[in-house]
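Observations on chain architecture
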Amino acid sequence: MGNGRTNPSEDILARGKAVYEKWCAHAHAPQHDNPGTQALQAKYQGSKPAALIHRTDLTPELIRDSVRGGNTIMPFFRKTEISDEDLDALIVFLTSGSGAA
Amino acid sequence: MSDSTEDQYFTTAGRRKVAEDLVLPLPPGVDQETFGAALDRFRLAIGDHWVFTERDDVLLYRDAYSPLLDEEGEILPSAAIAPASVEEVKEIVRIANELRIPLHPISTGKNLAYGGSAPNQSGVVVLDLKRMNRILEVNEEQGYCLVEPGVSYFDLYKHLKDNGIKLWIDVPDPGWGSLVGNALDKGSGYTMPQHRAHFDSHCGMEVVLANGEVMRTGTGGVPGSKTWQAFKMGMGPSVDGLFCGSNYGVVTKMGFWLMPEPEAYLEGIVDFMHFDDLIPLIDHWSYLENSRIISGYPDFQSPIFGTPGITGLAAMLGAGPQAPDEEYMTLMARDASPEEYEPYALKHKIPFWRMRFVFYGPEAVIRAQWQYVQDRYSAAVQDVAFEEGNFYKLPLSREEEEALVDAPILGVPNLKLFSLGARNSWSGQEPSRGHAWTTFLLPHDGRELIKANRILNKALRDEGIQAGFVFNTPFNNWERVMKYVVIFQISADPEENRKLREAVPKIIKLAASHGWAEYRTHTLFQDEMRESYSFGGHVLPRFHDTLKDALDPNGIFAPGRNGIWPKHVREERAHG
C-alpha cells in the first residue's frame, strides 16, 4: 500500500473521514442547525450526543443499516455513492472514537 | 428506554422494509432468458461490479419517499447498471435497444420529492450515471462549466473553492443533487434570475440517442466548436429542450453559465401591514424584477401566518413556529379567511406580508437599488416599513459561511432543509417518511394567489389533508411566475398515504380547471399531469408521443416519464 510510510489503518481512517465529510457531515456534523443533528437531539434529549462524531456507542451494524436502509427522512445510499469499501472505512472512522470530543 | 430498545427502534422503525419473499420484477415485456442474456452483455461491456442484480443492491434504487411506501404495488426496478463513460453508455444503449430492455437514466437520483431514483414502471432497469462525475471544464473568464451527470453541487462548489475560482453556482435546496439531473428535471435555485432556472442556464449538451449515436447540441455540432458553452442555439432548430423532462435520450454532458462572484450582498426587507397590500406588493415586485433593479431571489413571507419564506425556513424548522395565543387560535378554529386576520395583525403590529429582496453587486450600486425599492413602495403603499437585512462584503470568510442559516441564497450548497419532516424538538410528532411535492404555476398577480389559496386549501381540507399554513406563500425561483407548492408528507401509516394518492390527481385536475398548470409532479401522478394538458385534444402530449416514436422507436428510455409512453404501451392501453 503505497510507499510503506503510512499505517494502513490510517489510510482507512482517512478514507472513512472523507466519506463522512462528503456524505454525512452536511446533515450530522455538530452544528446545531444540521438536520440530522437536530433530529438526534430531539430523539435523545441529550442522553446521547446529537452529533455522530461525538458518539461512542455506534456499532458497525447500526451504521451499515442506516446507510443502506435510510431512516425516516434520511434516504439510503447506493453503492455508486458509498461503496462497500467506503462503508467499511466509514464504520472504522465512526467507531474509532477519533472524532469524539 | 434501554439502549438495545433504542437501537432496535433506530435500526428498524424508520427503515424501509423488505418482505422476505420479495422477488424483483422482470423488465416489462422481457422474458427471463432475454433479460439474462442482456445482463451478461452489460457485464461484458462495463464489468460485473457495476451491474447490480442482487436484491438488496437493486432496492437501493427504489423511491426512498414512495407514496406507496412498503405497500404492494410499489414500483421497483429489476436491476441497475452504472457506466463510467459515454463509451460505456453507448454500448449499454446499443444492447438495450437490440434486446428491448427499458432503461431509466438517473444522474444522482436525488429528485427525492418527485420519485427519486425509481422508474415510472416496475421492472425498468435503472441506468445510474453517478460514476460519470468529471468536471470537464471551468472557464472563469467567460463564466461557464462543462460537467458530467454525476457531478453534484457540492462537488462543483468544492472544485471552485479548492482552485480559487471566483465564480458562483446556483444551488437548489439539497446540495447533493446533480447539475445535469436537476436541470433536466426542471429544478431551480436562489441566486440571480438568469441562473435560478437551471435548464435555462445551461448551454450545450451531449446526448446518447437510442441508436447509440452521440449528438452534441447547439454549436457543439461543429467539431472543435469554441462556443459550445457560450451560444445556445447553433444551426437550425434548437433541440435542447427535447431532452428536458423527457425520455428521448441519455444526456452525458451539459454546460452551465456561472455568475461572477459579486462584490457585495444586501437584503432589503419590506413589511406590509394590510391584507390588500398583496396586490400592489406583487405588481411592483414584477416591475422591480423585470427591470433587474432587484437582482436576487425575492423571498415572500407572511409574518401573520408564520410562513418563513425560503430564507427563514431552516431556522423555523429548527426552532418551531411561535405558539399562537388564544385570540389567534379562535381565528384558526373557526376557519377564518386570510383577510379576517387583519384586525389581529394590526392590534399586535404584526406585518401581514414581508418581502426580503436580495441585491448582488458593487456596494454603491446595490445600496442605490435598495433605496429605489424603498422610494417606489413608499409612494405606492401606505404604512409600509423598511429594514436593512444581512449585508456581506464578499467573499465570505469560512466562519461567516459556516454560520449561514440560508446558504443557497449565497450560492453555498447544504442539506439544511432535510429538517422538513424530520424529528424535531417542538412538534411532538413522529418524523415523516419523506414527502411528495406537486407544483402549480401561478401568474405574478396577487389576486390569483389569493384565489389559489382559497380554492386549493379548501380542496385539501375536503380530502382530509392538513394544509401547512393558513396561507400558502409561493416559491419564487422563476421570474414571471409564482410556484405554488403543495407538500404531502409520506407517512408510516398506509391510510394517510392512500389519502395522498387519491388527493393529488384531484388537485391537479382542479388546479388545471383554473388555469394553474402543473409543471412537475411525482412519477406516480405524471399521467394525470399529462391529462391536464388537454388543449386542442391533447395535441401537446400527443406531439411528445410523435417525437418519442421517432427518436426512440423501441421505447427503451424511461417509459412513462412525464406521461410519455412507448407506442406499444399506448396501443396496449388503447385496446384495453
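Analysis parameters
- Residues numbered from 1 in each chain as written.
- Chains lettered and ligands numbered in written order.
- Predicted model: local features only at pLDDT ≥ 70, side-chain atom pairs only at ≥ 80, totals over all residues.
- Heavy atoms only, no water.
- Buried < 20%, exposed > 50% of the residue type's maximum accessible area, 1.4 Å probe, protein only.
- Helix = DSSP H or I, 4+ residues; strand = E, 2+ residues; numbered from the N terminus.
- Pairing = 2+ DSSP bridges.
- Phe/Tyr/Trp six-rings, centres within 6.5 Å; stacked < 30°, edge-to-face > 60°.
- Lys NZ or Arg CZ within 6 Å of the ring centre and 35° of its normal.
- Axes fitted to C-alpha atoms, helices over the stretch in contact; angles between N-to-C directions.
- Parallel < 35°, antiparallel > 145°, perpendicular 65-115°, else oblique.
- Left-handed = near helix turned anticlockwise from the far one by under 90°.
- Contact = heavy atoms within 4.5 Å.
- Nonpolar A, V, L, I, M, F, W, Y, C, P; charged D, E, K, R; others polar.
- Polar contact = N/O pair within 3.5 Å; in protein donor to acceptor, adjacent residues only side chain to side chain.
- Buried area = accessible area lost by both parts, 1.4 Å probe.
- Salt bridge = Lys/Arg side-chain N within 4 Å of Asp/Glu carboxyl O.

A separate point is the pairing of strand 4 (residues 125–128) of chain B. Residue and element names in this part refer to chain B. Of the two faces of strand 4, the one carrying V125 and L127 and the one carrying V126 and D128 are both buried. Sheet topology places strand 3 (residues 103–106) next to strand 4; 4 bridges connect them, and they run parallel. Looking across to strand 4, one finds that I106 is bridged to D128.

The next point concerns the packing of aromatic side chains. Residue and element names in this part refer to chain B. Summed over the entire model, instances satisfying the criterion amount to 29 aromatic pairs over all chains. Seen in terms of ring centroids, W370 and F386 are 6.1 Å apart; in terms of plane orientation they differ by 75°. Their pairing is edge-to-face. On the criterion of sequence distance, the pair formed by W370 in helix 12 (residues 363–380) and F386 in strand 15 (residues 385–393) is long-range, its members being 16 residues apart. With a relative accessible area of 26%, F386 lands in the partly exposed category. These aromatic residues form a ring-pair network of at least three members: F275, W285, F300, F305, Y328, Y341, Y344, F352, W353 and F471. Over the ring of W176 we find K110, and its NZ or CZ is 4.2 Å from the ring centre. The ring of W50 has R131 sitting right over it, with the charged end atom 3.8 Å from the ring centre.

Further remarks concern the packing of helix 14 (residues 446–462) of chain B against helix 15 (residues 494–513) of chain B. Helix packing geometry: the angle between the two helix axes and the distance between the axes. Residues and elements named next belong to chain B. The N-to-C vectors of helix 14 and helix 15 enclose an angle of 160°; their axes lie 11 Å apart at closest approach. Relative to helix 15, the element helix 14 is oriented roughly antiparallel. By crossing handedness, the relation of helix 14 to helix 15 is classed as right-handed. In this structure, helix 14 contributes I455, L456, A459 and L460 to the contact, and helix 15 contributes I507, L510 and A511. Taken together, the residues of the contact of helix 14 with helix 15 break down into 7 nonpolar, no polar and no charged.

All names here are of chain A. You can see L90 is positioned in helix 4 (residues 84–94). Separated by 27 residues in sequence, L90 and I63 place their C-alpha atoms 8.4 Å apart. The contacts of L90, once residues within four sequence positions are left out, are G16, V19, Y20, C24, I63 and V67.

Turning next to the side chain of R196 of chain B. Residue and element names in this part refer to chain B. For R196, the position within the fold is in helix 7 (residues 193–196). A relative accessible area of 0% places R196 in the buried class. From its side chain, R196 meets the backbone oxygen of N477 in a polar contact 2.6 Å long.

Let's shift gears to the interface of chain B and chain A. Contacts between the two partners involve 49 residues from chain B, matched on the other side by 30 residues from chain A. With both sides pooled, the region where chain B packs onto chain A buries about 3,600 Å², and carbon together with sulfur makes up 61% of that total. For the interface between chain B and chain A, the tally reads 4 salt bridges. A salt bridge links E81 of chain A to K110 of chain B, with the shortest nitrogen-to-oxygen separation between them at 3.0 Å. Joining chain B to chain A, the criterion identifies 11 residue pairs in polar contact (both at pLDDT 80 or more). When residues of the side of chain B that touches chain A are traced back to their parent elements, those giving at least two are helix 1 (3–13), helix 5 (153–162) and helix 9 (313–319) of chain B. It is helix 1 of chain B that contributes the most residues to the side of chain B that touches chain A, 6 residues altogether. For the side of chain B that touches chain A, the class distribution of residues is 21 nonpolar, 13 polar and 15 charged.

From the geometry alone we can't say anything about function, so treat these as descriptive.
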